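Architecture at a glance
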Amino acid sequence: MKDKEIEIIKQLNKRFNASLSLSKDEFSYYDAYNKKIILEIKIRNKVYKTKLIQVDKFLRLLMIAEAQNKIPFYLVKDDEGVYLFNLNQLKEQLLNSKIKSIKSPYQTEFLKNKVITKYFYELKKSQIHNFYIL
């Protein structure tokens, strides 16, 4: 896990008493968890009008959360702010929305330069969830 994600988890714990723990596995499908939730964190270096979540990541988080009887959350941080999305609340809306295909690097974190088509759902600011659930 990268230092930026760890810092966000620390801030959430301090500000909201979220009791989040870091995922034990470096390659886990989510970055943090507590008794109620799993949390995936995405840090963007660029500000986009709408936030994006990969379709496969969205579905995986839904399944893992259901298996663990937890609520899946997706947090996006960019230069404009921090956005938290409750994926359970957005499930039906996203599954019925248009999928956006974007040419993207295969693995951005590991400096892979191969470009492939990735599939995303768009998350809008109107879909942001309040932090109190944490």
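Up top you'll find the structure we're talking about.
Reading the values: the criteria
Sequence positions are assigned chain by chain, starting from 1 and proceeding in written order. Where local features are concerned, this predicted model is filtered to residues with pLDDT of at least 70; where side-chain atom pairs are given and counted, the filter is 80 or more; whole-chain, interface and lining totals use all residues. Values reported for side chains reflect all heavy atoms of the structure, with hydrogen atoms and water molecules removed beforehand. Like charges are joined within 9 Å and nonpolar side chains (Val, Leu, Ile, Met, Phe, Trp, Tyr) within 5 Å, but only among residues with over 30% relative accessible area and no salt bridge; these make up the patches. Only the protein chains shown count as cover for residues, and all accessible areas are computed by the Shrake-Rupley method using a 1.4 Å probe. Just to be clear on terms, a salt bridge is a Lys or Arg side-chain nitrogen sitting within 4 Å of an Asp or Glu carboxyl oxygen. Helical segments are the DSSP runs of H or I of at least four residues, strand segments are the runs of E of at least two, and each set is numbered from the N terminus. At least two bridges found by DSSP between two strands is the condition for calling them paired. Here a residue-residue contact requires only that any non-hydrogen atoms of the pair lie within 4.5 Å. The axes are straight lines fitted to the C-alpha atoms, using for helices just the contacting stretch, and the angles between their N-to-C directions are given from 0 to 180°. Relative accessibility under 20% of the residue-type maximum defines a buried residue, over 50% an exposed one, and the middle range a partly exposed one, all with a 1.4 Å probe and only protein chains included. Residues counted as positive are Lys and Arg, residues counted as negative are Asp and Glu, and His and the chain ends are not counted. Nitrogen and oxygen atoms within 3.5 Å of one another constitute a polar contact, given that in protein one can donate a hydrogen and the other can accept it, and given that sequence-neighbouring residues count only through two side-chain atoms.

**Side note on a nonpolar patch on the surface**
A contiguous nonpolar surface patch, about 280 Å² in accessible area, is contributed by L59, M63 and L95. Take M63: it is sitting in helix 2 (residues 55-68).

**Some thoughts on the sheet that holds strand 2 (residues 32-33)**
The strand order across the open sheet built from five strands is 1-2-3-5-6, with neighbouring strands paired in mixed fashion. Both edges of this open sheet fall to strand 1 (21-22) and strand 6 (81-86), since each of them pairs with a single strand only. With two bridges joining them, strand 1 and strand 2 adopt antiparallel strand pairing. Residue pairing in the sheet places L22 in a bridge with A32 of strand 2. Helix 2 contacts strand 3 (37-43) and strand 5 (71-78) of the sheet and is inclined by roughly 160 degrees relative to strand 3. The strands touched by helix 3 (residues 87-95) within the sheet are strand 5 and strand 6, with strand 6 carrying the most contacts at an inclination of about 75 degrees.

**Brief notes about the sheet that holds strand 4 (residues 51-54)**
Sheets are built from strands that pair by backbone hydrogen bonding, the pairs being arranged parallel or antiparallel. The three strands are arranged 4-8-7 in an open sheet whose pairing can be described as antiparallel. With one partner strand each, in any of the chains shown, strand 4 and strand 7 (100-105) form the two edges of the open sheet. In this sheet, adjacent strand axes meet at a mean angle of 55 degrees when their direction is disregarded. As paired elements, strand 4 and strand 8 (residues 115-123) share four bridges and run antiparallel to each other. By the bridge assignment, I53 is partnered in strand 8 with Y121. Against the sheet, helix 2 engages strand 4 and strand 8, with an angle of about 70 degrees to strand 4. Helix-sheet contacts for helix 3 involve strand 4 and strand 8, and the interaxial angle to strand 8 is about 110 degrees.

**Quick word on the environment of R15**
Along the chain, R15 turns up in helix 1 (residues 3-16). For the pair R15 and D3, spaced twelve residues apart in sequence, the C-alpha separation works out to 18 Å.

**Some details on the side chain of K70**
Mapped onto the elements, K70 comes out in the loop between helix 2 and strand 5. The side chain of K70 sits in the buried core without any salt bridge; E40 is the nearest counter-charge, 14 Å away. In terms of polar contacts, K70 uses its side chain to reach the backbone carbonyl oxygen of N34, at 2.8 Å.

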